[in-house]
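In case you want the letters, here they are:
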Amino acid sequence: MLQAFIFDVDGTLADTEQAHLAAFNHAFAQEGLDWHWDSELYTELLNISGGKERMLHYWKQVQPDVKDIDGGGVQDTINRLHEIKTAAYENAVNGGAVELRPGVLRLMDEARRAGIRLAIATTTSPVNIAALLRTAIGTDWREHFVAIGDASTAPIKKPHPQVYLQMIDALKLPPSACLAFEDSHNGLTAATAAGLQTIITPTDFTRHHDFSAALRQVPDLSQVSLAHLRAWHDEGLRAPGRTNAPRG
Ligand code: XBP
Ligand code: MG
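First, a word on scope: everything that follows refers to the structure included in this document. (Residues numbered from 1 in each chain as written. Chains lettered and ligands numbered in written order. Predicted model: local features only at pLDDT ≥ 70, side-chain atom pairs only at ≥ 80, totals over all residues. Heavy atoms only, no water.)

**Notes on the pattern of salt bridges**
The final tally for this structure, using the stated rule, is eight salt bridges. Glu110 is the salt-bridge partner of Arg106, the closest N and O atoms lying 3.3 Å from each other. In this pair, Arg106 and Glu110 are both assigned in helix H6 (residues 104-113), four residues apart and thus about one turn of the helix distant. Asp204 is the salt-bridge partner of Arg207, the closest N and O atoms lying 2.7 Å from each other. Given the relative accessible area of 62%, Asp204 is considered exposed. The structure contains a network of salt bridges with shared partners spanning Asp8, Lys158 and Glu182. (Salt bridge = Lys/Arg side-chain N within 4 Å of Asp/Glu carboxyl O. Helix = DSSP H or I, 4+ residues; strand = E, 2+ residues; numbered from the N terminus. Buried < 20%, exposed > 50% of the residue type's maximum accessible area, 1.4 Å probe, protein only.)

In structure tokens, the structure reads:
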């Protein structure tokens, strides 16, 4: 039986990446770097989960000998850039730069009324989640979620399943009793590796990803009801090849 939903944040609850991108570029300018990411480059860089990891990956791309040049200072620079980026993103979100994707809030309310528990599994920083959900849901936003996994709880980023395994553990449920919601290939890989069936709602940044491992791919959640999800979840459990499919 379906008992919990585990939501990714960036791209899934809200289309946040344009705001993240602007915040990264703000940090680069603030620190006097000549780096500037455009949408095309950022689409590629999104293959690296986590803002710090993404900046370090880019730095190594543009300056392959970066380690020899700056020694321990590299991580300090990344940390400083990320602090500036996070403050800029938080500011933008507090100012209403992003809103929840269609259907998200309605589905969460419907699920909670039906006794389905909600959790979050994201690679982003805790302050970013708070800014988004405080603005979108209200000051009591935390009460909507039984557990929250983020960059502070799961240092190993998606596609590694760490954050999903933490949430399954916190919910004290088998993965077969949960559904994950994701927007990216890395997210889908992480959720699938944790044994979760996954609903995909892609964004313009992730539309081209391979989602063949998903239970369902839909443009957004606006036309998706709890009844749909229960039916899809059930079908998925009965699908041939699933080790935890019910017998008979
Ligand atoms: C989202 C991300 C995040 C944000 C940046 O991935 O990759 O890193 O882009 O946030 P997912 P931070 O939706 O799969 O969790 O800078 O706070 O890391
Ligand atoms: Mg995402």
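**Remarks on the packing of helix H1 (residues 17-30) against helix H3 (residues 51-62)**
Across the interface, H1 lies against H3 with an axial gap of 12 Å and an inter-helix angle of 55 degrees. By the angle between their axes, H1 is oblique relative to H3. Once H1 is placed against H3, the crossing between them reads as right-handed. Contact residues: Glu17, Phe24 and Phe28 in H1; Gly51, Arg54 and Met55 in H3. Here the contact of H1 with H3 is composed, by residue class, of three nonpolar, one polar and two charged. (Axes fitted to C-alpha atoms, helices over the stretch in contact; angles between N-to-C directions. Parallel < 35°, antiparallel > 145°, perpendicular 65-115°, else oblique. Left-handed = near helix turned anticlockwise from the far one by under 90°. Contact = heavy atoms within 4.5 Å. Nonpolar A, V, L, I, M, F, W, Y, C, P; charged D, E, K, R; others polar.)

**A look at the pairing of strand E4 (residues 178-182)**
In terms of residue burial, E4 counts as a mostly covered element, since five of its five residues are buried. The two faces of E4 match: Cys178, Ala180 and Glu182 on one face and Leu179 and Phe181 on the other face are all buried. Here four bridges tie strand E1 (residues 4-7) to E4, and the two strands are oriented parallel to one another. Within E4, the residue paired with Ala4 across the bridge is Cys178. (Pairing = 2+ DSSP bridges.)

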